[in-house]
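Fold and contact review
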Amino acid sequence: MDLGYARVSTTHQDLERQLVALGEYGIEADRIYADKKTGATVDRPEFKKMLKYARPGDTIVATNLDRLGRNLRECLNLVHELRERGIGVKTLRDPLPIDTTDTSGMAEIAVAMLALFAHMERVFMQERAAHAREVAAAQGKQPGRPRKLSPTQLAMARAALREDQPIDQVAEAFGVSRATLYRYLAETQPDTEKAPPANA
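What you see is a predicted model, and the numbers here were worked out from it, not measured in a lab.

**Regarding the environment of asparagine 64**
Position of asparagine 64 among the secondary structure elements: in the loop between strand 3 (59–62) and helix 3 (72–84). Residues in contact with asparagine 64, not counting those within four places in the same chain, are Thr91, Arg93 and Asp94.

Spelled out as structure tokens, the structure:
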């Protein structure tokens, strides 16, 4: 049995065209699952429902491979997992169409090429991240997320706490939560100094 899947996000709003393509391929409407997500939402209830319903011998059909995952690596992991379950994957409009139910050499080459692209994508991402860290270090910046409190601000917060100013007031003065201030104090406190108790 063929099961169709369609998905759109903020960057790809053509759900209707996907549904038409799946219908033209011969998949009945009651066997097509569709998710329409916007913003940063990554939950896909219809996708999960389809994976739960699929049985060995079924084939999941999508217009393009990127409809099945957020990146190439995720798509390849899905293809591998479905193969283990005896479920095929087929795409209709990719420049290099995928059909894991096809045992011909060209079909296997298509999957192998995608695996190569995924590996290259991962290597390039690692290289870009390493370069960004090197540039940040050369500029005297700490890589990663910006810190909410500078060393000077933290020193001022410590001084205020030593003067018995309530921690809630100190945190509010620096625009951070009480929990954040406790975390910074614990991370950077000198060995001879202890952060104030959590119930202060």
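Still more to cover.
**Details of the sheet that holds strand 2 (residues 32–36)**
Where strands meet in a sheet, backbone hydrogen bonds hold them as pairs that are either parallel or antiparallel. Ordered in space as 2-1-3-4, the 4 strands form an open sheet in which the pairing is parallel. Both outer strands of the open sheet, strand 2 and strand 4 (88–91), are each paired with one neighbouring strand and no more. Put simply, the sheet's adjacent strands are angled 20° from each other on average, direction ignored. Of the pairings in the sheet, the one linking strand 1 (residues 2–8) to strand 2 comprises 5 bridges and is parallel in character. For arginine 7, the partnering residue across the bridge sits in strand 2 and is aspartate 35. Against the sheet, helix 1 (residues 15–25) engages strand 1, strand 2, strand 3 and strand 4, with an angle of about 165° to strand 1.

**Focus: the pattern of salt bridges**
Applying the stated rule across the entire model yields 5 salt bridges. Aspartate 66 is the salt-bridge partner of arginine 67, the closest N and O atoms lying 3.0 Å from each other. A relative accessible area of 5% places arginine 67 in the buried class. Look at aspartate 66 and you get partly exposed, because its relative accessible area is 39%. Here arginine 178 ties to aspartate 168 by a salt bridge, and the two come within 3.2 Å at their closest N and O atoms.

**Re the nonpolar core**
Core analysis: the biggest nonpolar cluster contains 23 residues, and Phe47, Met50, Leu51, Ile60, Leu68 and Leu82 have the highest contact counts within it. The set of elements that each furnish at least two residues to this core consists of strand 1, helix 2 (45–53), strand 3, helix 3 and helix 4 (105–138). With near-sequence residues (within four places) excluded, leucine 68 lies in contact with Tyr5, Arg44, Phe47, Ile60, Ala62, Glu74, Cys75, Leu78 and Val89. If you look at the next biggest cluster of nonpolar residues, it comprises 13 residues, including Ala157, Ala160, Leu161 and Tyr182.

**Some details on the packing of aromatic side chains**
Applying the stated criterion to the full structure yields 1 aromatic pair. If you follow arginine 44 out to its NZ or CZ, it ends over the ring of phenylalanine 47, 4.0 Å from the centre.

**Re the confidence of the model for the chain**
Mean pLDDT over the chain: 78, with 78% of residues reaching 70 or higher. In the model of the chain, helix 4 stands out as the element of lowest mean pLDDT, 69, in contrast to strand 3, which has the highest, 94. Within the model, pLDDT remains below 50 along residues 191–195, and this stretch shows 6 contacts once partners closer than five positions in the same chain are excluded.

**Some remarks on helix 2**
All buried positions along helix 2 are accounted for by Phe47, Met50 and Leu51. Viewed along the axis of helix 2, the buried residues span an arc of 95°, placing them on a single side of the element. Away from the buried face of helix 2 by more than 90 degrees, exposed residues Lys48 and Lys52 are located. Its buried side turned inward, helix 2 meets strand 1, strand 2, strand 3 and helix 3.

How each quantity is defined
Residues numbered from 1 in each chain as written. Predicted model: local features only at pLDDT ≥ 70, side-chain atom pairs only at ≥ 80, totals over all residues. Heavy atoms only, no water. Helix = DSSP H or I, 4+ residues; strand = E, 2+ residues; numbered from the N terminus. Contact = heavy atoms within 4.5 Å. Pairing = 2+ DSSP bridges. Axes fitted to C-alpha atoms, helices over the stretch in contact; angles between N-to-C directions. Salt bridge = Lys/Arg side-chain N within 4 Å of Asp/Glu carboxyl O. Buried < 20%, exposed > 50% of the residue type's maximum accessible area, 1.4 Å probe, protein only. Core = buried A, V, L, I, M, F, W, Y, C linked by side-chain atoms within 4.5 Å. Phe/Tyr/Trp six-rings, centres within 6.5 Å; stacked < 30°, edge-to-face > 60°. Lys NZ or Arg CZ within 6 Å of the ring centre and 35° of its normal. pLDDT = per-residue confidence, 0-100. Arc of directions from axis to C-beta.

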